[in-house]
Protein chains: 2
Amino acid sequence: MLDCAIVGGGPAGLTAGLYATRGGLKNVTMFEMGMPGGQITQSSEIENYPGFFDHTKTGMDFMDTWQEQCFHFGLKHEMKKVERVAKTGEHFTITLEGGEQVEAKTAIVCTGSVPKRAGFKGEDEFFGKGVSTCATCDGFFYKDKPVTVVGGGDTALEEAFYLSNICSDVYVVHRRDEFRATPQTLDRVMRKENIHLITDSVIEEAFGDTMGLAGVKIRNVKTNEIIQMDNTGLFVFVGHDVNNSVLRDENDKFICEMNDWGQVIVDLSMKTSIPGLYTAGDMRIEAPKQVVSAAGDGSVAALQVISYIQEQQ
Amino acid sequence: MLDCAIVGGGPAGLTAGLYATRGGLKNVTMFEMGMPGGQITQSSEIENYPGFFDHTKTGMDFMDTWQEQCFHFGLKHEMKKVERVAKTGEHFTITLEGGEQVEAKTAIVCTGSVPKRAGFKGEDEFFGKGVSTCATCDGFFYKDKPVTVVGGGDTALEEAFYLSNICSDVYVVHRRDEFRATPQTLDRVMRKENIHLITDSVIEEAFGDTMGLAGVKIRNVKTNEIIQMDNTGLFVFVGHDVNNSVLRDENDKFICEMNDWGQVIVDLSMKTSIPGLYTAGDMRIEAPKQVVSAAGDGSVAALQVISYIQEQQ
């Protein structure tokens with residue numbers, strides 16, 4: 001019987017593991033199929049995690065110290081895919097791929113969310129090297145430079161607005177000529193001088209070399225005319241998939257309360273609606289999707305797990 | 001007119017400053033009388049901030065990189081004491097010591113809280129060098145070693161329980177022979193074999209040398225008998241003072257909603273009950289009082305400030 005099963009090995013899961021083991025829990029396992037570290041390992045540079053400020057280091061370097069530290073206090077890592085987390089009586093049953101089951105007193109689920117890809121040529125190749133899905137993370141790298149944004153929803157336009165305070169010009173590429181964003185947001189964007197809406201258009205290609213993205217080709221879907229933009233960052237905001245499948249039961253129903261976007265509803269303590277079940281990081285409601293906030297969530301969830309186990313004694 | 005006034009320069013305030021300026025706000029000032037960095041600068045060692053894992057470095061070293069990074073994007077620092085934060089119409093007025101007033105569109109108050117001192121000899125001298133007020137932070141440094149705890153309230157006993165999962169023995173020194181803690185908490189503590197209650201007693205002295213705390217002398221207030229404990233960590237849990245005076249108006253009333261302990265009531269977005277006023281870190285409700293969670297709060301508050309200003313445009 002585990003004291004705590006941590007599902008997911010990004011910044012939230014690693015920090016939860018650090019706090020749970022350093023707080024005296026003996027049997028804590030983090031389930032993560034791949035290398036721990038999460039999405040940040042795909043970044044070529046990080047400058048908004050407080051205390052880490054070295055332009056020569058990548059996201060992979062950044063996560064090296066984390067791993068050493070988080071495993072130092074006894075956290076175990078199982079490189080297995082979790083199929084399902086279920087509460088059975090007082091405890092949790094973690095079902096792994098292949099059917100193996102592990103029992104745990106508590107569970108912290110932090111499987112995050114994945115930004116959707118738009119599907120253009122070069123998107124994967126230059127992801128983290130000029131193609132980004134996070135204005136807060138990467139906008140500043142284009143201070144006083146032009147950037148291109150893909151998307152037409154509220155998030156895309158809000159992020160375009162955020163970028164317009166940093167970058168010289170923001171070109172918003174949207175496939176249709178109408179925007180799904182709320183009228184207020186659209187109105188604000190249209191009044192901002194350095195935001196330019198390029199409608200009826202898609203990214204034909206993101207191009208570059210080993211140094212990263214060099215520019216983008218934008219195609220008008222009605223005329224097939226292609227505009228080439230050089231020296232631009234490219235931000236893709238076409239939605240997120242929340243990795244919440246482990247929280248579905250056999251009838252495909254969520255075991256805890258979720259909002260309409262499939263994010264886990266929590267309070268300031270990272271408690272879900274199920275006693276003993278916590279979440280942390282990008283899969284919760286109102287997640288700012290930053291390493292430092294996910295890590296903060298992880299520490300909170302682990303401290304709550306320790307209290308919860310104490311109260312059961 | 002400032003875009004944002006940040007009151008307090010600990011991990012929460014610094015991170016808020018980093019995110020606000022890196023997010024494109026031009027006029028952001030952090031008001032902090034002393035050296036930025038907060039309580040953590042008093043620690044001789046930190047091992048639970050993810051990504052910082054160097055046993056040769058102190059809390060002061062730790063905060064060096066933070067400062068460089070957080071000021072890099074244009075955050076200004078005013079070494080002035082803030083007397084009061086008030087909302088006047090759409091904006092905030094920050095009154096400084098001496099009467100000077102600064103206007104700001106938004107305010108993030110993160111003045112933290114201060115653990116109370118018990119008042120024994122050597123307490124200040126060995127603070128951060130064996131005397132601690134944070135079990136989560138420093139308990140692990142006494143893994144499988146005995147520690148002494150001072151206090152008789154719920155927090156003291158809960159922290160004693162937390163320590164009992166890490167340390168060999170926990171000696172709880174309490175001035176009276178009755179505990180203020182709830183019966184359930186007391187019952188759980190009494191059933192834990194390695195927690196020992198030393199009632200009617202106080203810390204007479206914490207002693208040591210330049211290397212730090214070496215031990216404590218405990219005096220029975222009824223018999224004046226003194227027990228000497230060597231090789232022990234000493235944890236003081238006699239309450240916290242929340243630094244909330246800047247949020248009081250001229251009639252001594254709080255300008256935003258607070259709980260009974262004088263902590264600011266916030267939601268997951270660090271919004272207070274006053275539009276445009278945010279808080280972060282140890283002064284909010286349910287704060288876990290960790291560097292990483294305070295920093296997470298700071299990032300959230302700053303991103304909310306940016307959205308708030310956008311929405312006003």
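Residues numbered from 1 in each chain as written. Chains lettered and ligands numbered in written order. Predicted model: local features only at pLDDT ≥ 70, side-chain atom pairs only at ≥ 80, totals over all residues. Heavy atoms only, no water.

A. Examining the interface of chain B and chain A more closely. Contact with chain B, which involves 52 residues of that partner, is made by 52 residues of chain A. Carbon and sulfur atoms make up 58% of the surface buried where chain B meets chain A, a total of about 4700 Å² over both sides. The largest contributions to the chain B side of the interface with chain A come from B:Arg22, B:Phe53 and B:Leu268, which together make up 18% of the buried area. The interface formed by chain B and chain A includes 2 salt bridges. Close ionic contact of B:Glu47 with A:Arg22 constitutes a salt bridge, the shortest N to O distance being 2.9 Å. Seen at the junction of chain B and chain A, the total is 24 residue pairs in polar contact (both at pLDDT 80 or more). For the side of chain B that touches chain A, the secondary-structure elements that each account for two or more residues are α1 (11-22), α2 (59-72), α3 (135-138), α4 (154-164), α5 (183-191) and α6 (291-312) of chain B. If one sorts the elements of the side of chain B that touches chain A by residue count, α6(B) sits on top with 10 residues. By residue class, the composition of the side of chain B that touches chain A is 24 nonpolar, 17 polar and 11 charged. (Contact = heavy atoms within 4.5 Å. Buried area = accessible area lost by both parts, 1.4 Å probe. Salt bridge = Lys/Arg side-chain N within 4 Å of Asp/Glu carboxyl O. Polar contact = N/O pair within 3.5 Å; in protein donor to acceptor, adjacent residues only side chain to side chain. Helix = DSSP H or I, 4+ residues; strand = E, 2+ residues; numbered from the N terminus. Nonpolar A, V, L, I, M, F, W, Y, C, P; charged D, E, K, R; others polar.)

B. Empty space enclosed by the protein, seen in detail. Under the defined criterion, the tally for this structure stands at 1 cavity of 30 Å³ or more. In this structure, the largest cavity spans a volume of roughly 130 Å³. Put simply, the parts of the chain that give the lining of the largest cavity at least two residues each are α6 (291-312) of chain A together with α6 of chain B. For the lining of the largest cavity, the class distribution of residues is 6 nonpolar, 4 polar and 4 charged. (1 Å grid on protein atoms, 1.4 Å probe; cavity = no way out; pocket = protein on both sides within 12 Å on 5 of 7 lines; lining within 4 Å. Points joined across faces, edges and corners; volume = space filled by probe spheres on them.)

C. Here's a closer look at the sheet that holds strand β14 (residues 226-230) of chain A. Residues and elements named next belong to chain A. Ordered in space as β12-β13-β14, the 3 strands form an open sheet in which the pairing is antiparallel. Each edge of the sheet is formed by a strand with only one pairing partner; in this case those strands are β12 (201-209) and β14. Here the strands of the sheet are splayed against their neighbours by 25° on average, with no regard to which way each runs. Sheet topology places strand β13 (residues 212-220) next to β14; 5 bridges connect them, and they run antiparallel. Considered in β14, the bridge of Ile218 is made with Ile227. (Pairing = 2+ DSSP bridges. Axes fitted to C-alpha atoms, helices over the stretch in contact; angles between N-to-C directions.)

D. Main features of the sheet that holds strand β15 (residues 233-236) of chain A. All names here are of chain A. Across the sheet, 5 strands lie side by side as β8-β15-β9-β10-β11; this open sheet has parallel pairing. The open sheet is flanked by β8 (131-132) and β11 (195-198), the only strands paired with a single partner. As defined by bridge partners, strand β10 (residues 169-173) adjoins β11 across 4 bridges and the pair is classed as parallel. Residue pairing across strands places Val173 opposite Ile198, the latter belonging to β11.

So, to be careful, I would describe these as geometric facts and stop short of saying anything about function.
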